[in-house]
Amino acid sequence: MVASALTIAGSDSGGAAGLQADLRTFLTCGVHGLVAVTAVTVQNTLGVHDRSDIPPHVVAGQIEAVAADMGVNAAKTGMLASGEIIKAVAEACDRADIGRDRAVPFVVDPVAASMHGHPLFDDAGLAALREELLPRATVLTPNLDEVRLLTGLTVTGRAEMHEAAVALHALGPRYVLVKSGHLTEDPECVDVLYDGTDFVDLHGPRFATPHTHGAGDSMASALTAGLARGMSVPEAARFGKWFVSNAVANSYPMGAKVGPVSAFWRLAPEEFTPGG
Ligand SMILES: Nc1ncnc2c1ncn2[C@@H]1O[C@H](COP(=O)(O)OP(=O)(O)OP(=O)(O)O)[C@@H](O)[C@H]1O
Ligand SMILES: Cc1ncc(CO)c(N)n1
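These numbers come from a predicted model, not from an experiment.

Focus: unusual backbone geometry
Its identity as a non-glycine residue notwithstanding, Asp 97 has a phi of 60°, on the positive side. Along the chain, Asp 97 falls in the loop between α3 (83-95) and β5 (106-108). According to the relative accessible area criterion, Asp 97 is partly exposed, its value standing at 33%. At Asp 101, a position not held by glycine, the phi torsion is positive, near 65°.

Structure (structure tokens):
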């Protein structure tokens, strides 16, 4: 049986982040990708220039349609666009048995802004995220800006990442995975997983590339793919860290500013020989 993973996310026309990064990651992790599109962004390496949100009932409809017919082994969120969409997602996830203490593990990536600083939801979205999604999350995967937005804590080092994980765990998720990409002074890139009792430090090198667009989405979607394939949360977190480290190591320039991380690194070399 092929496992399936659902991403509930926005489209990035630049193909670096959003549902495009998620589907590419699912593919290279051997998982069938299902999608509930939340918004279409007009985006390139310079920023998010415009967007159109999908009606909440259409977002919910996509989740319920694929869950009822095809089955979902794990799900994740990316850009959720608005408070109304978040409420519709929460209700649809309940109907599809997705979420903490339910059958289907749920990775909530609390995407608040693009890497250019453009907000991807508003104040109503932040309140709905706290009330509706954090308590439903199997794993919450914030970056350090999202930690500050959700807890008020400013993280400048590894010890503070542990403090932030404790504060976030109190908001309801089963596990918290704090991502360390923004600690640029640290020679390593150590993410932290916390289950309410124990910390697991996920070690990895810090690569000196400017091209990291989509790293957060790729980490969360590889973690989701691992869960879809039956890994435990700690195992899937290690898998996600391994996947994204390689994706950053193989990132490439494209456009005027920050280029994408690569999911191609797992693909076999081309075997087709023209005329062969
Ligand atoms: N320079 C780097 N070298 C190695 N790993 C990195 C680097 N930058 C980020 N990572 C890894 O990529 C993942 C995403 O981290 P980050 O904290 O940057 O999230 P993010 O801000 O959500 O990402 P995005 O750039 O997609 O917005 C983490 O697992 C982190 O360890
Ligand atoms: C559509 C979309 N989702 C997520 C992000 C964050 O990486 C982005 N820049 N764009």
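Side note on the packing of helix α7 (residues 215-228) against helix α8 (residues 233-249)
In contact at an axis separation of 8 Å, α7 and α8 are set at 140° when each is read in the N-to-C sense. Our classification of the angle between α7 and α8 gives oblique. By crossing handedness, the relation of α7 to α8 is classed as right-handed. Residues Ala 215, Ser 218, Met 219, Ala 222, Leu 223, Gly 226 and Leu 227 of α7 pack against Val 233, Ala 236, Ala 237, Phe 239, Gly 240, Lys 241, Phe 243, Val 244 and Val 248 of α8.

Digging into the site of ligand 1
In the vicinity of ligand 1 there are 19 residues, among which Gly 181, His 182, Asp 191, Gly 216 and Lys 241 approach most closely. One of the side-chain nitrogen or oxygen atoms of Lys 179 is found 2.9 Å away from an oxygen atom of ligand 1. Gly 181 places a polar main-chain atom, nitrogen or oxygen, 2.8 Å from an oxygen atom of ligand 1. Isolated, ligand 1 exposes 630 Å² of accessible area, and the fraction of that covered by the protein chains is 92%. For the shell around ligand 1, the secondary-structure elements that each account for two or more residues are α7 and α8. The element contributing the most residues to the shell around ligand 1 is α7, with four residues.

What to know about the packing of aromatic side chains
Counted by the stated rule, this structure contains five aromatic pairs. A centroid spacing of 5.8 Å and a plane angle of 10° characterise the contact between Tyr 252 and Phe 264, whose relative ring orientation is stacked. You can see Tyr 252 sitting in the segment after α8 and its partner Phe 264 sitting in the segment after α8, a full twelve residues away along the chain. Taken together, the ring pairs connect Phe 239, Trp 242, Phe 243 and Trp 265 into an aromatic cluster.

Structural notes on the pattern of salt bridges
Pairing is possible between side chains that carry opposite charge, provided their charged atoms lie close to one another. Going through the model one piece at a time under the given rule, you end up with 13 salt bridges. Where Asp 22 meets Lys 76, a salt bridge forms, and the shortest distance between an N and an O atom there is 2.9 Å. Taken together, the positions of Asp 22 in helix α1 (residues 18-28) and Lys 76 in strand β4 (residues 74-77) put the pair 54 residues apart, joining distant regions of the chain. As a salt-bridge pair, Arg 158 and Asp 186 come within 2.8 Å of each other at their nearest N and O atoms. Placement of the pair is Arg 158 in helix α6 (residues 158-169) and Asp 186 in the loop between β7 (175-178) and β8 (191-194), with a sequence separation of 28 residues. Judged by its relative accessible area of 33%, Arg 158 falls in the partly exposed class. Using a relative accessible area of 14% as the deciding quantity, one classes Asp 186 as buried.

Digging into the site of ligand 2
As a structural note, the neighbourhood of ligand 2 is formed by Gly 10, Ser 11, Asp 12, Ala 17, Gly 18, Gln 43, Met 79, Val 111, Ser 114, Leu 120, His 213 and Asp 217. At 2.9 Å from a nitrogen atom of ligand 2 is found a side-chain nitrogen or oxygen belonging to Gln 43. Measuring from an oxygen atom of ligand 2, one finds a side-chain N or O atom of Asp 217 at 3.1 Å. Here ligand 2, which alone exposes 290 Å², has 94% of that area covered by the protein. Sort the elements by how many residues they give to the shell around ligand 2 and strand β1 (residues 4-12) lands first, with three residues. Its residues placed into classes, the shell around ligand 2 shows four nonpolar, six polar and two charged.

A few points about the packing of α1 against α7
At a closest axis distance of 9 Å, the pairing of α1 and α7 adopts a crossing angle of 40°. Judged by the inter-axis angle, α1 sits oblique to α7. Both α1 and α7 take part in a crossing whose hand is right-handed. Note on element contacts: α7 touches α1 through Asp 217, Ser 218, Ser 221, Ala 222, Thr 224 and Ala 225, opposite Gly 18, Ala 21, Asp 22, Thr 25 and Phe 26.

What counts as what
Residues numbered from 1 in each chain as written. Chains lettered and ligands numbered in written order. Predicted model: local features only at pLDDT ≥ 70, side-chain atom pairs only at ≥ 80, totals over all residues. Heavy atoms only, no water. Helix = DSSP H or I, 4+ residues; strand = E, 2+ residues; numbered from the N terminus. Buried < 20%, exposed > 50% of the residue type's maximum accessible area, 1.4 Å probe, protein only. Axes fitted to C-alpha atoms, helices over the stretch in contact; angles between N-to-C directions. Parallel < 35°, antiparallel > 145°, perpendicular 65-115°, else oblique. Left-handed = near helix turned anticlockwise from the far one by under 90°. Contact = heavy atoms within 4.5 Å. Near = heavy atom within 4 Å. Polar contact = N/O pair within 3.5 Å; in protein donor to acceptor, adjacent residues only side chain to side chain. Areas by Shrake-Rupley, 256 points an atom, 1.4 Å probe, with all protein chains shown as cover. Phe/Tyr/Trp six-rings, centres within 6.5 Å; stacked < 30°, edge-to-face > 60°. Salt bridge = Lys/Arg side-chain N within 4 Å of Asp/Glu carboxyl O. Nonpolar A, V, L, I, M, F, W, Y, C, P; charged D, E, K, R; others polar.

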